[in-house]
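# Per-entry structural report
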Amino acid sequence: MLTYFQAIVMGLLQGVTELFPISSLGHSVLFPTLFGWHNLIRAQSQPESFYLAFIVGLHVGTAFGLFVFYRRDWVKIVGGLVTSARHRRIDTPDERLGWLLVVATIPAGLTGLLLEHKLRVLFSKPLSAAIFLMVNGLILLTGELVRRRQLTRRLAPSEAATATRHLAVSDRDAPAIKQLDHLAFGESFVIGLAQVAALIAGISRSGITMVAGLVRGLDHEDTARFSFLLATPIILAAGVLKLPDLFGTLGNGIRGQVLAGSAAAGVAAYFSARFLIRWFQTRTLWPFAIYCLVVGFAFTIYYS
């Protein structure tokens, strides 16, 4: 049903596209067609299939790679949550970040428990994924345009004139409007709520949460960090809850492949996070937006 080569390729694809704002679920639907892997294509939209169980396993590997990358942050965050709960107050940035993540996790966590499987089956079709990939590109473009408008209002007239001549204003050119440790809990909830849209194949979890963060005034580096930290418990929980499927009949014949693919996903996620955190120190979402529009359009034409 699934070769080790397919498992490793899909694992690498999952680990990269989960963090790059280009939709891991959309790529897991579209790229088997590009590779001619008809066994995976047939299994994509079935209510119960080995492919969905396999993708769940890849999510666990991705979450593990993210946890390793942010291991020092998570030690501080968990320690801050324990201390804050014990003292019943928030005193440090780590304590505040921990509770911001808890609040942001609630909407996507509840929605995922109720609707994740249904939405995955409903939208796990190539044409649908291609269309929503274009929608994802438009979302990224909108986020950058809104941020440019916010920043030009804060710049000096000469700087604003320069900024308006460019589509993107990088964090190198203008400061953040708001720091992550000053984010309100209501704003954190809104960012988490935006993550719900990523249950649709083609909409990127990291992309839509980054756009929500940019709109709330954060810079690209802070939005990327918050997005990746937020993704870790969500992805891990979704995977762990579905792991029993792999130990049942759906996992027969693919458990070794799942381990290989998950290891590949974890390694890819680790290095993707490392690359993107550096990228967003000086660069923007524009290249990813253009990629989504071009690839989504090409696949839409192909399947129409």
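Residues numbered from 1 in each chain as written. Predicted model: local features only at pLDDT ≥ 70, side-chain atom pairs only at ≥ 80, totals over all residues. Heavy atoms only, no water.

## Side note on the overall build of the protein chain
A count of helical and extended segments in the protein chain gives 13 helices and zero strands. Along the protein chain, helices and strands appear, N-terminal first, in the series α-α-α-α-α-α-α-α-α-α-α-α-α. Taking all 304 residues of the protein chain together, the buried fraction comes to 53%. Carbon and sulfur atoms make up 68% of the accessible area of the protein chain, which totals about 13,600 Å². (Helix = DSSP H or I, 4+ residues; strand = E, 2+ residues; numbered from the N terminus. Buried < 20%, exposed > 50% of the residue type's maximum accessible area, 1.4 Å probe, protein only. Areas by Shrake-Rupley, 256 points an atom, 1.4 Å probe, with all protein chains shown as cover.)

## Some details on the packing of aromatic side chains
For the structure on display, the rule yields 15 aromatic pairs. An aromatic cluster is defined as three or more aromatic residues linked by ring pairs; in this entry it consists of Phe5, Phe31, Phe35, Trp37, Phe299, Tyr302 and Tyr303. Against the face of Trp279 rests Arg283, its NZ or CZ located 5.0 Å from the ring centre. (Phe/Tyr/Trp six-rings, centres within 6.5 Å; stacked < 30°, edge-to-face > 60°. Lys NZ or Arg CZ within 6 Å of the ring centre and 35° of its normal.)

## Topic: the pattern of salt bridges
Evaluated as defined, the whole model comprises four salt bridges. Where Arg205 meets Glu18, a salt bridge forms, and the shortest distance between an N and an O atom there is 3.1 Å. Remark: Glu18 occurs in the loop between α1 (4-17) and α2 (24-35) and Arg205 occurs in helix α10 (residues 205-215); sequence separation between them is 187 residues. Residue classification places Arg205 among the buried residues on the basis of a relative accessible area of 14%. (Salt bridge = Lys/Arg side-chain N within 4 Å of Asp/Glu carboxyl O.)

## Notes on the packing of helix α4 (residues 50-69) against helix α12 (residues 255-282)
Look at α4 against α12: their axes get within 7 Å of each other, and the N-to-C directions meet at 40 degrees. In this view, α4 runs oblique relative to α12, as classed from their interaxial angle. At the point where α4 passes α12, the crossing takes the right-handed sense. Contacts between α4 and α12 pair Phe54, Gly57, Leu58, Gly61, Thr62, Gly65, Leu66, Val68 and Phe69 from the former with Gln257, Val258, Gly261, Ser262, Ala265, Gly266, Ala269, Tyr270, Ala273, Arg274 and Ile277 from the latter. Across the contact of α4 with α12, the residue classes break down as 11 nonpolar, eight polar and one charged. (Axes fitted to C-alpha atoms, helices over the stretch in contact; angles between N-to-C directions. Parallel < 35°, antiparallel > 145°, perpendicular 65-115°, else oblique. Left-handed = near helix turned anticlockwise from the far one by under 90°. Contact = heavy atoms within 4.5 Å. Nonpolar A, V, L, I, M, F, W, Y, C, P; charged D, E, K, R; others polar.)

## Details of the nonpolar core
Of all hydrophobic cores here, the largest spans 71 residues; its most connected members are Phe54, Phe226, Phe228 and Phe288. Beyond its immediate stretch of four places on either side in the chain, Phe226 contacts Leu97, Leu100, Leu101, Ala104, Leu180, Ser188 and Ile191. (Core = buried A, V, L, I, M, F, W, Y, C linked by side-chain atoms within 4.5 Å.)

## Overview of α2
Taking 1.5 Å of rise per residue, the 12 residues of α2 would be expected to cover 16 Å, and the 16 Å separating its terminal C-alpha atoms lies within 8% of that figure. Between a side-chain oxygen at the N-terminus of α2 and the backbone nitrogen of Gly26 the separation is 2.9 Å; the capping residue is Ser23. Downstream of α2 by a residue or two, Gly36 has a phi angle that is positive, lying close to 75 degrees. (Expected span 1.5 Å × (residues − 1). Polar contact = N/O pair within 3.5 Å; in protein donor to acceptor, adjacent residues only side chain to side chain.)

## Overview of the environment of Gln281
As for its position among the elements, Gln281 is in helix α12. Gln281 sits in the partly exposed class, given a relative accessible area of 39%. The spacing of Gln281 and Ala224 is 57 residues in sequence and 9.5 Å in space, taken between C-alpha atoms.

## Remarks on a nonpolar patch on the surface
Together, Val102, Ile106, Leu110, Phe189 and Leu193 line one region of the surface with nonpolar side chains, adding up to about 420 Å² of accessible area. Among the secondary structure elements, those contributing two or more residues to the nonpolar patch are α6 (93-123) and α9 (185-194). It is α6 that contributes the most residues to the nonpolar patch, three residues altogether. Position of Leu193 among the secondary structure elements: in helix α9. (Patch = residues over 30% accessible without salt bridge, like charges linked within 9 Å, V, L, I, M, F, W, Y side chains within 5 Å.)

## What about α10?
In terms of burial, α10 is a largely internal element, 10 of the 11 residues being buried. Gly217 occupies a position one or two residues after α10 and carries a positive phi of about 105 degrees.

## Quick look at unusual backbone geometry
If you check the backbone angles, Ser23 has positive phi at about 75 degrees while not being a glycine. Within the secondary structure, Ser23 sits in the loop between α1 and α2. Within the chain, Arg88 stands out as a residue other than glycine whose phi angle is a positive 60 degrees. The class of Arg88 is exposed, set by a relative accessible area of 79%.

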